[in-house]
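Architecture and fold: a report
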Amino acid sequence: MILSEIPNIKNTDANNFFLLAGPCAIESEEMALRIAEKVVTITDKLEIPYIFKGSFKKANRSRIDSFTGIGDEKALKILRKVSETFNVPTVTDIHEVSDAEKAAAYVDVLQIPAFLVRQTDLVVAAAKTGKVVNLKKGQFMSPGAMKHAVQKVKDAGSNKAWVTDRGTMFGYQDMIVDFRGIPEMREFAPTILDVTHSLQQPNQTAGVTGGRPEMIETIARAGIVNNVDGLFIETHFDPKNAKSDGANMLHLDNLESLLSNLVAIRKTINNL
């Protein structure tokens, strides 16, 4: 998959990593536009190819009373408005076969959640839309096993597959990134490091996922040093009050300094 083939993608000739960033879930139009405006300004300044991320619904929740969304159509229309307002591509995750065509009418990249990446019908449905398919590596899967998910996309007639590492289960309530997997997965697809989900602390007894956001820069730097093609970062202007995954999100105010440091590291790596 050539990055420049994605509609409205910018800065593809900057020899930089690309970025998928935004809130975990679409909470309102105002919040989506506010976050997008900030990230677009930063990525244009730093010449980072950027795709706005936002889930139109959250199907994988610990408790039945957890926030799942504001309504599918409403959230998807907000994603379209972000794209039209700021001339940027968008990505959202899908959970059911019927979601594929529905979401593809509004966004440029379809994301398969880690827990669902072995669901053949879902992966094939995403591939058949013609959109880029971002395959999250299952927390329970080895890096090498992801070649089979990529092959499903190819067998469905598409060469537009990415792989995203979002950490591997380490005991019951922690995640760890095995950086040996990055070069392995890059052998068969462009590879992204999901920095913020890699710092989750799932399966808490309270039914609300924890996280270690203070380690975001540590993990992101290691990813850049190890030549990831892209980074995935969830960010919010008020993480403590975010309706989903606030415990591991990056505060929006800290995004520019983080990305500035990462761009400097990538420039150094490119010269080695």
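Here the structure is shown first, and the text comes after it.
Let me begin by describing the structure that accompanies this report. Keep in mind that what you see is a predicted model, and the values were worked out from it rather than measured. (Residues numbered from 1 in each chain as written. Predicted model: local features only at pLDDT ≥ 70, side-chain atom pairs only at ≥ 80, totals over all residues. Heavy atoms only, no water.)

1. A few points about the nonpolar core
Within soluble globular proteins, side chains that are nonpolar tend to cluster in buried spots. Filter applied, for reference: Take the buried Ala, Val, Leu, Ile, Met, Phe, Trp, Tyr and Cys residues and link them wherever side-chain atoms come within 4.5 Å; each set so joined is a nonpolar core. Exposed residues in this analysis have more than 50% of their type's maximum accessible area, buried residues have under 20%, and partly exposed residues fall in between, with area computed by a 1.4 Å probe over protein chains only. Whether two residues touch is decided by their heavy atoms; if any such pair falls within 4.5 Å, the residues are in contact.
Residues Phe52 and Leu135 are the most contacted members of the largest nonpolar core, which totals 72 residues. If sequence neighbours within four positions are ignored, Leu135 has contacts with Ile112, Val117, Val123, Met146, Ala149, Val150, Val153, Ala161, Trp162, Val163 and Thr164. Core analysis: the next-biggest nonpolar cluster, separate from the first, contains 12 residues, Leu3, Ile6, Ile51 and Val109 among them.

2. Comments concerning the pairing of strand β9 (residues 191-194)
Quick reminder of the rule: Going along the chain from the N terminus, every DSSP run of H or I of four or more residues is numbered as a helix, and every run of E of two or more is numbered as a strand. Here, any two strands with at least 2 DSSP bridges between them count as paired.
Going residue by residue along β9, you find Thr191 and Leu193 tucked away on one face and Ile192 and Asp194 tucked away on the opposite face as well. In this structure, strand β6 (residues 161-165) lies alongside β9, joined through three bridges in parallel fashion. Residue pairing in the sheet places Asp165 in a bridge with Leu193 of β9. Bridge count between β9 and strand β12 (residues 230-236): three bridges; the pairing is parallel. Directly across from Asp194, in β12, lies its bridge partner Phe232.

3. Details of unusual backbone geometry
Residue Asn11 is not a glycine yet carries a positive backbone phi of 60 degrees. Following the sequence through the fold, Asn11 ends up in the segment before β1 (18-22). Even without glycine at this site, Asn15 takes up a positive phi of about 55 degrees. Structurally, the position occupied by Asn15 is in the segment before β1. Given a relative accessible area of 55%, Asn15 falls into the exposed group.

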